[in-house]
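# Chains, contacts and geometry: an overview
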Amino acid sequence: MDGMTFRVPKPPIRFLSTVRPPSFGGRLHDARTATAVGRWLGAAFGVCLLTGLVSHYLQHPPGWLADRLPARPVWGYRLTQGLHVAVGIAALALLPVKLWAVYPRLFVWPPVRSVRHALERLSIAVLVATAVFQVVTGLLNIVEWYPWSFSFVPVHFAVAWVVAGSILLHVAVKAPEIRAHWSGRSSGTRALPAEDVADRRSLLLAVGGAVGVVTLTTVGQSVTPLKALDLLAPRSPDHGPQGLPVNRTAAAAGVSADGLARWRLEVVGPQTYVLGLGELRTMAAAQARLPIACVEGWSVDADWGGVRVRDLVERAGGRPGRDALRVTSLEARGAYRVMEMGAEYVDDPLTLLALTLNGQRLSLDHGFPARIIAPNRPGVLQTKWVHRLEVL
Ligand SMILES: Nc1nc2c(c(=O)[nH]1)N[C@H]1C(S)=C(S)[C@@H](COP(=O)(O)O)O[C@H]1N2
Ligand SMILES: [Mo]
């Protein structure tokens, strides 16, 4: 943790001794500041990794897990993904401070002193590059700006493992210093002059303040009581038709009202059947208050009305709780046109084929004539403009 007090050995090559690294006077470029901010950042990346894994496996479960994914608690994904995005945004405020505290060390001389030192520098280089990459691409993703040609989700997922690996490598090569720190033998735990302590306290307070401000001005996108403060987040949780944001409009999905005149719901199973919208409406007796929780971090509760998916499946001869379901949208193409839901979701009485939203008929942008709404489920899987259910 404390690398600022090592004795610089004589460079092996003569002329190097005439090269002088720049010197940095600021008292805050020190190991303790770097360590304090580093701990917060480490915690932030830990939360982002865990919540990111939850999101990943809810969306892409391996076969053995698919039918066991829990549909409860209903607010589960809202919480984990809200945390993922909020903590990622907080990391955006922490990273520059960490980089500022440690950047003089980029100029240590000689640049490599030993294998351990080389590994340490490598782990830091990789950690810094991948951490900045994750936080910046994550932020651009939530504002839906894609100035790159790769596919965000798989790259964000893969790079997360590189961040995790470089943190582990970093901690491993720093183990001796960390041990010294905790046993009180490091200069990092020595009493410091009062003015240094005051300086550091001001800096850490300022960092905490910056994190507080970015969090308070964005977290309202999912913590609805704070929505009045939600000045910087890309979405307001109640701006949109029927009091709910729209992720992908019907126009963008190529779904038009004209094309819906002959809409029928097809339920495929051992006893396949077809329902018109009128028939479906007469069956629509179920109600559920459930959130839409977008992977991009906004979420909001709404009142949904419709038909229980489990009743539709049963009528087709399927077995709720045992069979999975494939749901197909009218949308011509797009990553969310076809969605599969595991047996736990099919079985849950709150999982609906919804026809109404907040007491009104679904608007076209929210998925008219029918859409899926299920508890503890990423927004991307709340398929709109549904026309086909297939028991698997
Ligand atoms: N067919 C289809 N359904 C879809 C999508 C889509 O692109 N196509 N977007 C999903 C996403 S990412 C979210 S967050 C929710 C948002 O629902 P809303 O637009 O009604 O708020 O719809 C989901 N359903
Ligand atoms: Mo979404």
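Relevant structure appears above.
Here's what I pulled together on the structure shown here. (Residues numbered from 1 in each chain as written. Chains lettered and ligands numbered in written order. Predicted model: local features only at pLDDT ≥ 70, side-chain atom pairs only at ≥ 80, totals over all residues. Heavy atoms only, no water.)

## What about the overall build of the chain?
When you go through the chain residue by residue, the secondary structure sums to 11 helices and 10 strands. A principal-axis box enclosing the C-alpha atoms of the chain has dimensions of 85 × 40 × 40 Å. A total of 392 residues make up the chain; the buried ones form 46% of that total. Taking the contacts inside the chain whose residues are at least 6 apart along the sequence as the reference set, 71% of them involve residues at least 24 apart. A total accessible area of about 19600 Å² is found for the chain, and carbon and sulfur atoms account for 62% of it. In the chain, 41 side chains carry a positive charge and 27 a negative one; their mean positions are 10 Å apart. (Helix = DSSP H or I, 4+ residues; strand = E, 2+ residues; numbered from the N terminus. Buried < 20%, exposed > 50% of the residue type's maximum accessible area, 1.4 Å probe, protein only. Contact = heavy atoms within 4.5 Å. Areas by Shrake-Rupley, 256 points an atom, 1.4 Å probe, with all protein chains shown as cover. Lys, Arg positive; Asp, Glu negative; His and termini not counted. Charge placed at Lys NZ, Arg CZ, Asp CG, Glu CD.)

## A word on the packing of aromatic side chains
Across all of its chains, the model carries 5 aromatic pairs by this definition. On the basis of an interplanar angle of 5° and a centroid distance of 5.1 Å, the ring pair of Trp 148 and Phe 150 is categorised as stacked. Exposure remark for Trp 148: the relative accessible area of 18% places this residue in the buried category. Residue Phe 150 is classed as partly exposed on the basis of its relative accessible area of 31%. Sitting over the ring of Tyr 273, Arg 315 keeps its end group 4.5 Å from the ring centre. If you follow Arg 377 out to its NZ or CZ, it ends over the ring of Tyr 345, 4.3 Å from the centre. (Phe/Tyr/Trp six-rings, centres within 6.5 Å; stacked < 30°, edge-to-face > 60°. Lys NZ or Arg CZ within 6 Å of the ring centre and 35° of its normal.)

## Examining helix α6 (residues 175-182)
Every buried residue belonging to α6 is among Glu 177, Ile 178, Ala 180 and His 181, and all of these are buried. Considered in projection along α6, the buried side chains sweep an arc of 160° and stay on one side of the axis. In this structure, α6 carries Arg 179 and Trp 182 as exposed residues pointing more than 90 degrees from its buried face. Residues of α6 that are buried sit in contact with α1 (31-59), α4 (115-142) and α5 (152-173). Where α6 terminates, the next one or two residues include Gly 184, which has phi positive at roughly 75°. (Arc of directions from axis to C-beta.)

## Examining the side chain of Glu 296
Within the fold, Glu 296 resides in the loop between β3 (286-293) and β4 (299-308). Residues in contact with Glu 296, not counting those within four places in the same chain, are Val 85, Asn 141, Ile 142, Glu 144, Tyr 146, Gln 221, Arg 235 and Asn 247.

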